[in-house]
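Listed below, chain by chain, are the residues.
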Amino acid sequence: MKYFNLTAFAFVMACLLVSSCKKEPIEAIIDTNPNGNISLSNPKIGQQSRYILFRGEDIKDNENFAYEYLPDTLAVEIVAEDENGYMVKEFLTAGSRSLNGENNVAFADSTWYYYIYVDQEDQSLKVKQRGNYYRTRLFFLYDENERGLGTQQIASPSTEIMGWKTTLPFAKELVSARVTDFEMFGHKYDALNVIIDNRPMLDGLPGSTHVFSLEDGLIRSTEYSDYDGKGYGWDVLPSSN
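Residues numbered from 1 in each chain as written. Predicted model: local features only at pLDDT ≥ 70, side-chain atom pairs only at ≥ 80, totals over all residues. Heavy atoms only, no water.

Enquirer: Quick question: what am I supposed to make of the overall build of the protein here?
Expert: Secondary structure summary: the protein contains 1 helix and 13 strands in total. Starting at the N terminus and walking to the C terminus, you meet the elements of the protein as α-β-β-β-β-β-β-β-β-β-β-β-β-β. Taken across its 241 residues, the protein has 51% of its residues classed as buried. Within the protein, counting contacts between residues at least 6 apart in sequence, those at least 24 apart form 58% of the total. Entry remark: accessible area of the protein is about 11,700 Å², with carbon and sulfur atoms responsible for 47%. (Helix = DSSP H or I, 4+ residues; strand = E, 2+ residues; numbered from the N terminus. Buried < 20%, exposed > 50% of the residue type's maximum accessible area, 1.4 Å probe, protein only. Contact = heavy atoms within 4.5 Å. Areas by Shrake-Rupley, 256 points an atom, 1.4 Å probe, with all protein chains shown as cover.)

Enquirer: Would you mind showing me how to read the pairing of strand E3 (residues 85-92) here?
Expert: Look at any regular strand and the pattern is simple: side chains alternate between the two faces of the sheet. Of all 8 residues that make up E3, 7 are buried, and the element is covered over most of its length. In this structure, strand E2 (residues 67-82) lies alongside E3, joined through 8 bridges in antiparallel fashion. The residue bridging glutamate 81 from the neighbouring strand is tyrosine 86, located in E3. Pairing geometry for E3 and strand E4 (residues 112-119), over 5 bridges, is antiparallel. The residue of E4 that forms the bridge with glutamate 90 is tryptophan 112. (Pairing = 2+ DSSP bridges.)

Enquirer: Looking at this model, I keep getting lost on the sheet that holds strand E13 (residues 231-236). Mind explaining?
Expert: Working definition: the strands of a sheet are paired by backbone hydrogen bonds and lie parallel or antiparallel to each other. Spatial ordering of the open sheet is given by E6-E5-E4-E3-E2-E1-E13-E12-E11-E10-E9, a layout of 11 strands whose pairing is antiparallel. Two strands lie at the open edges of the sheet, namely strand E6 (149-150) and strand E9 (174-184), each paired on one side alone.

Enquirer: Explanation requested: the packing of aromatic side chains in the structure shown.
Expert: The relative placement of two aromatic rings is captured by the distance of their centres and the angle of their planes. A full pass over the atoms with the stated rule returns 8 aromatic pairs. Aromatic pair tyrosine 69 and phenylalanine 185: ring centres 5.7 Å apart, planes at 45 degrees, arrangement tilted. Of the two residues, tyrosine 69 sits in strand E2 while phenylalanine 185 sits in the loop between E9 and strand E10 (187-197), which places them 116 residues apart along the sequence. Comparing tyrosine 69 with phenylalanine 185 shows no difference in burial state: the two are buried. Taking 6.0 Å as the distance between ring centres and 80 degrees as the angle between the ring planes, the aromatic pair formed by tryptophan 164 and tyrosine 224 counts as edge-to-face. (Phe/Tyr/Trp six-rings, centres within 6.5 Å; stacked < 30°, edge-to-face > 60°.)

Enquirer: Quick question: what am I supposed to make of the pairing of E2 here?
Expert: With 9 bridges joining them, strand E1 (residues 48-56) and E2 adopt antiparallel strand pairing. Residue pairing across strands places phenylalanine 54 opposite tyrosine 69, the latter belonging to E2. Connecting the antiparallel pair E2 and E3 is a turn made up of 2 residues.

Right, here's the structure in full:
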C-alpha cells in the first residue's frame, strides 16, 4: 500500500539514509492541493489527502517504538457525493516503489473507490464498499455495520504518540484515547482522537489504530499482525491550504 509524488519520493529516500528518521521529527512536506486535505466535519468534492507509508516493529513491545518510512505515497480524493455518502478515489501516486517492483502495497496499480459517511444513529464515520469487495488501503474498518470512528471528541484518557504507537500499554481490547499538542511533518494538531481496536487479535486477526479529528481528518492509520507484531501504516502529509 503506497503512493508517491516526486517531492515525497526524494524526501523518503533521504530519510532512509538517516537513522533518526525512525524516531525524530522529520522535515515538513507540503502538499500543493488547493482544496486542502479531506475534512471529516466539512468534506467537499475535490479535497485530497496524501499519505506516506511506514513500517513498524513489534506492536506488543511497550518499549520498542521503532519504525521507518517507505517510498510509497497514497492519494485519497473525494470525487463525488450521492445518497451513499462521499465517494473516495484511492490510488498510489507515480514514483511509488510498489508500482515499480516492490510489494509493500497489495494491488499497487489498482485504483479503488468507496464511500465514507457519518452514521447519525451511532455518530461514527464509516466506510461503505462500492461493489462486491471491501477495498481501501487507508481505513481498517472492515464491518461497515458495526465498526466506525466516533465523531465525538474523546475527553480521556490522555496518551502520547511515540514512534508509530501510543504510550498506552498493549492490550487486545478496544481503547479510545485523546492526544493533545501533537506535531508531525511540521504541522501541529491541538487535539486528536485515537481509536485502538485490538479485539480481532483475540482470534489471531490483525489489530488497528486510527488517529484523527473531524477538522483535520484522518492523521494516521495502522494495521499490525497478531503473529509477529509487525505492521504498516499511513501518515498524512500537511496541505498548503
